[in-house]
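# Summary of the model geometry
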Amino acid sequence: MTPQRQLVLDAVAELGHATPETICTRVQEIAPAVNITTVYRTLDLLEQLGVVKHTHLGHGAPTYATSEHEHVHLVCHHCGRVDEIEASALDDLAGALRESHGFRLDATHVALSGTCRDCADRADAELAEDAP
């Protein structure tokens with residue numbers, strides 16, 4: 001493990017869900033010569049080694065977390081809020097997919113998009129106000 005790779009891994013562990021750009025900024029606080037290309041290559045290598053995982057939480061760059069960071073992400077279309085639930089919440093779906101398609105779901109690598117409770121409540125309140 002090179003010092004630059006260790007810095008990238010440390011940044012991922014410290015930041016939780018972090019884009020390569022955010023990771024690069026953190027690494028450059030300690031090692032200004034490390035560039036974004038090095039960060040991307042290191043993240044790719046660390047993912048191949050099973051040390052980190054990436055998830056797409058929406059449009060744009062993926063976010064990275066350590067491999068122990070296992071949960072499903074709930075991403076709100078409206079406010080961008082990201083909540084986390086246990087991967088076991090998808091056990092029934094995983095079982096159905098395996099039974100019907102032989103597909104083995106990795107629920108620790110999933111982001112579901114929709115509307116968070118706060119945005120849904122706000123929309124419901126607005127509809128109630130506008131109702132005759």
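For the structure, see preceding data.
Let me sum up the structure you'll find in this document. (Residues numbered from 1 in each chain as written. Predicted model: local features only at pLDDT ≥ 70, side-chain atom pairs only at ≥ 80, totals over all residues. Heavy atoms only, no water.)

## Some thoughts on the packing of helix α1 (residues 3-15) against helix α2 (residues 20-30)
Contact pair α1 / α2: the axes reach a minimum separation of 9 Å and the direction vectors enclose 120°. Taken together, the axes of α1 and α2 are oblique relative to one another. Crossing angle aside, the handedness with which α1 passes α2 is right-handed. Of the residues in α2, those in contact with L7, V8, A11, V12, E14 and L15 of α1 are T22, I23, R26, V27 and I30. For the contact of α1 with α2, the class distribution of residues is eight nonpolar, one polar and two charged. (Axes fitted to C-alpha atoms, helices over the stretch in contact; angles between N-to-C directions. Helix = DSSP H or I, 4+ residues; strand = E, 2+ residues; numbered from the N terminus. Parallel < 35°, antiparallel > 145°, perpendicular 65-115°, else oblique. Left-handed = near helix turned anticlockwise from the far one by under 90°. Contact = heavy atoms within 4.5 Å. Nonpolar A, V, L, I, M, F, W, Y, C, P; charged D, E, K, R; others polar.)

## Regarding the nonpolar core
V8, I23, V27, V39 and L43 are the most contacted members of the largest nonpolar core, which has 16 residues in total. Listed by contribution, the elements that provide at least two residues to this core are α1, α2 and α3 (36-48). Here this core takes five residues from α1, the largest share from any one element. Apart from the residues within four sequence positions on either side, I23 is in contact with V8, A11, V12, L15, A18, V39, L43 and Y64. (Core = buried A, V, L, I, M, F, W, Y, C linked by side-chain atoms within 4.5 Å. Buried < 20%, exposed > 50% of the residue type's maximum accessible area, 1.4 Å probe, protein only.)

## Focus: α2
Buried within α2 are the following residues: P20, I23, C24 and V27. On an axial view of α2, the arc spanned by its buried residues comes to 100°, and they lie on one face. On its buried face, α2 sits against α1, α3 and β2 (63-66). (Arc of directions from axis to C-beta.)

## Structural notes on the pairing of strand β1 (residues 52-55)
Because side chains alternate across β1, one face comprises the buried residues V52 and H54, and the other comprises K53 and T55, equally buried. Here β1 runs beside β2; their pairing, made up of four bridges, is antiparallel. Looking across to β2, one finds that K53 is bridged to A65. (Pairing = 2+ DSSP bridges.)

## Comments concerning the sheet that holds strand β3 (residues 72-76)
If you trace the three strands from one edge of the open sheet to the other, you get β4-β3-β5, paired in mixed fashion. Each having just a single partner strand, β4 (82-85) and β5 (111-114) make up the two edges of the open sheet. For this sheet the average axis-to-axis angle between neighbouring strands, irrespective of direction, equals 25°. Here β3 runs beside β5; their pairing, made up of four bridges, is parallel. For V75, the partnering residue across the bridge sits in β5 and is S113.

## Looking at the pattern of salt bridges
In a structure, side chains of opposite charge can pair up when their charged atoms sit close to one another. Evaluation of the coordinates by the stated rule reveals five salt bridges. D106 is the partner of K53 in a salt bridge, and the nearest nitrogen-oxygen pair spans 3.8 Å. Of this pair, K53 sits in strand β1 while D106 sits in the loop between α4 (91-101) and β5; the two residues are 53 residues apart in sequence, bridging distant segments of the chain. You can call D106 partly exposed: its relative accessible area is 38%. If you follow the salt bridges from partner to partner, you end up with E14, R26 and E29 in one network. (Salt bridge = Lys/Arg side-chain N within 4 Å of Asp/Glu carboxyl O.)

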